Amino acid sequence: MATRVLHRVSGGLGRATSSGARPAGRLVVWSRGFTTSVSRSVKDSWFKSLFVRKVDPRKDAHATLLTKNEESNLYKIQFHNVKPECLDAYNKLCEEVLPSIHADKYYPCELVGTWNTWYGEQDQAVHLWRYRGGYPALTEVMNKLKQNEEFTAYRKERGKMLMSRRNQLLLEFSFWNEPVPREGPNIYELRSYQLRPGTMIEWGNYWARAIGFRQHNREAVGGFFSQIGNLYMVHHLWAYKDLQSREDTRNGAWQQEGWDEVVYYTVPLIQHMDSRIMIPTKASPLK
């Protein structure tokens, strides 16, 4: 990927300096859709101009601009780090309790998927819930579960097995598919991106186009961004038949015109990124 990105940088510089229409001593550089005109001496580095960007003020929240306005789905993702010797017992406990909550219409929530991390953080469970109705639905479920003796016992027993846990509340990008149950067997990849503050709209604009390059093998499952928890966090969820299928699918994206451009423009928006390969548990609707 670095070779492709550097190739585009050098190509872009060649185009900017080869035009006879540019006044001497000035350089125009295109950086993520913005034009920056930099007056400088010959000795100044052209590379500095790549990092000069103008951010237009916005009057709408990210949630308004990036989500499906006709729906009000809220998602919760949970990361549970389990004591290694307790993982089997933890999975069995979840299989006994979580599907019953998913199936009970009394609770306005759905279990989208539940996994164990295969590659990435070891002895980790990941659960993804959907609340149709947004924050009011989340509050309703929380209040009702407080009165559920089975769930209270489940939480108490689960606490004995965990080393740590954390969660995030998410919204889904409007241009991604809504996650729906699928037959297996599959492996799942959760790619998490910590973006630079102020770049979420840019990310959404580029990926609204990029998602078209990643639909050919039905690998796209869902795309989300955080509202509570780690902010400016994006999660992309993908499904593959196996690791070789993942490799082939990702390599195939580079053969499509325009994919390299998306990578070139979105890489500078990222502060940190992480990948988990996950295996569905028996209770997961995403097999």
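About the criteria used
Residues numbered from 1 in each chain as written. Predicted model: local features only at pLDDT ≥ 70, side-chain atom pairs only at ≥ 80, totals over all residues. Heavy atoms only, no water. Phe/Tyr/Trp six-rings, centres within 6.5 Å; stacked < 30°, edge-to-face > 60°. Helix = DSSP H or I, 4+ residues; strand = E, 2+ residues; numbered from the N terminus. Buried < 20%, exposed > 50% of the residue type's maximum accessible area, 1.4 Å probe, protein only. Expected span 1.5 Å × (residues − 1). Arc of directions from axis to C-beta. Contact = heavy atoms within 4.5 Å. Core = buried A, V, L, I, M, F, W, Y, C linked by side-chain atoms within 4.5 Å. Polar contact = N/O pair within 3.5 Å; in protein donor to acceptor, adjacent residues only side chain to side chain. pLDDT = per-residue confidence, 0-100. Pairing = 2+ DSSP bridges. Axes fitted to C-alpha atoms, helices over the stretch in contact; angles between N-to-C directions. Parallel < 35°, antiparallel > 145°, perpendicular 65-115°, else oblique. Left-handed = near helix turned anticlockwise from the far one by under 90°. Nonpolar A, V, L, I, M, F, W, Y, C, P; charged D, E, K, R; others polar.

(A) Region of interest: the packing of aromatic side chains. For the coordinates displayed, the defined rule picks out 16 aromatic pairs. Where Trp115 meets Tyr188, the ring centres are 5.8 Å apart and the plane angle is 55 degrees; that geometry is what we call tilted. Separated by 73 residues along the polypeptide, Trp115 in strand 4 (residues 110-119) and Tyr188 in strand 7 (residues 187-195) bring together distant segments of the chain. Among the residues examined, Tyr188 registers a relative accessible area of 0% and is labelled buried. Three or more aromatic residues link up through ring pairs in this structure, and these residues are Trp176, Tyr193, Trp203, Trp207, Phe213, Trp238 and Trp259.

(B) Expanded view of helix 4 (residues 134-146). Relative to the 18 Å expected for 13 residues at 1.5 Å per residue, helix 4 spans 19 Å between its end C-alpha atoms, a close match to the ideal helical length. Among the residues of helix 4, those classed as buried are Gly134, Ala137, Leu138, Val141, Lys144 and Leu145. Down the axis of helix 4, the smallest arc covering the buried residues is 135 degrees, so these residues share one side. Away from the buried face of helix 4 by more than 90 degrees, exposed residues Pro136 and Lys146 are located. In this fold, the buried residues of helix 4 make contact with strand 3 (73-82), helix 3 (87-103), strand 5 (124-132), helix 5 (149-159) and strand 6 (162-172).

(C) Representation of the nonpolar core in the model. Grouped together as the largest cluster of nonpolar side chains are 53 residues, with contacts concentrated most on Phe173 and Trp203. Broken down by element, this core gets its largest block of residues, seven residues, from helix 3. Residues Trp115, Val126, Val221 and Met278 belong to the second largest nonpolar core, which totals 16 residues.

(D) Quick look at helix 5. Phe151, Tyr154 and Arg158 are the residues of helix 5 that are buried. Looking straight down helix 5, one finds that the buried residues subtend no more than 55 degrees of arc, so they occupy a single side. Within helix 5, the exposed residues directed more than 90 degrees away from the buried face are Glu149 and Lys156. Packed against the buried residues of helix 5 are strand 3, helix 3, helix 4 and strand 6. A side-chain oxygen of the first residue of helix 5 lies 2.9 Å from the backbone nitrogen of Glu150; this N-cap is Asn148.

(E) Highlighting the confidence of the model for the protein chain. Looking at the protein chain as a whole, the pLDDT averages 82, with 76% of positions reaching at least 70. Confidence, read as mean pLDDT per element, is least for strand 1 (residues 26-31) in the protein chain (38) and greatest for strand 7 (98). Low pLDDT (under 50) marks residues 2-57, which in the prediction has 54 contacts with non-local residues, meaning those over four places away or in another chain.

(F) The pairing of strand 7, seen in detail. A large share of strand 7 lies buried, amounting to nine of its nine residues. By the alternation rule, side chains of strand 7 split into Ile187, Glu189, Arg191, Tyr193 and Leu195 and Tyr188, Leu190, Ser192 and Gln194, which are all buried. In the sheet, strand 7 pairs with strand 9 (residues 233-240) via eight bridges, with the strands oriented antiparallel. What sits directly across from Ile187, in strand 9, is Tyr240. Looking at chain direction, strand 7 and strand 10 (residues 270-280) are connected through eight bridges and run antiparallel. Within strand 10, the position partnered with Arg191 by the bridge is Ser275.

(G) Structural detail: the packing of helix 6 (residues 200-210) against helix 8 (residues 259-266). Where helix 6 meets helix 8, the closest approach of the two axes is 10 Å, and the angle between their N-to-C directions is 165 degrees. By the angle class used here, helix 6 and helix 8 are roughly antiparallel. Regarding helix 6 and helix 8, the two cross each other, and that crossing is left-handed. Between helix 6 and helix 8, the residues in contact are Trp203, Tyr206, Trp207, Arg209 and Ala210 and Trp259, Glu261, Val262, Tyr265 and Thr266, respectively. Across the contact of helix 6 with helix 8, the residue classes break down as seven nonpolar, one polar and two charged.

(H) Broad picture of the side chain of Asn91. Looking at the element boundaries, Asn91 is found in helix 3. Excluding anything up to four places from it in sequence, Asn91 contacts Asn116 and Thr281.

(I) Spotlight on the sheet that holds strand 7. Around the barrel, which closes on itself, the eight strands sit in the order 3-5-4-10-7-9-8-6 with antiparallel pairing between neighbours. Each neighbouring strand pair of the sheet contributes to a mean axis angle of 35 degrees, computed without reference to strand direction. In terms of strand pairing, strand 6 meets strand 8 (residues 220-228) through four bridges, oriented antiparallel. Across the sheet, Leu171 pairs through a bridge with Phe225, a residue of strand 8. Running at roughly 10 degrees to strand 5, helix 3 makes contact with strand 3, strand 4, strand 5 and strand 6 of the sheet. Contacting strand 4, strand 7, strand 9 and strand 10, helix 7 (residues 243-253) crosses the sheet at an angle of about 50 degrees to strand 7.

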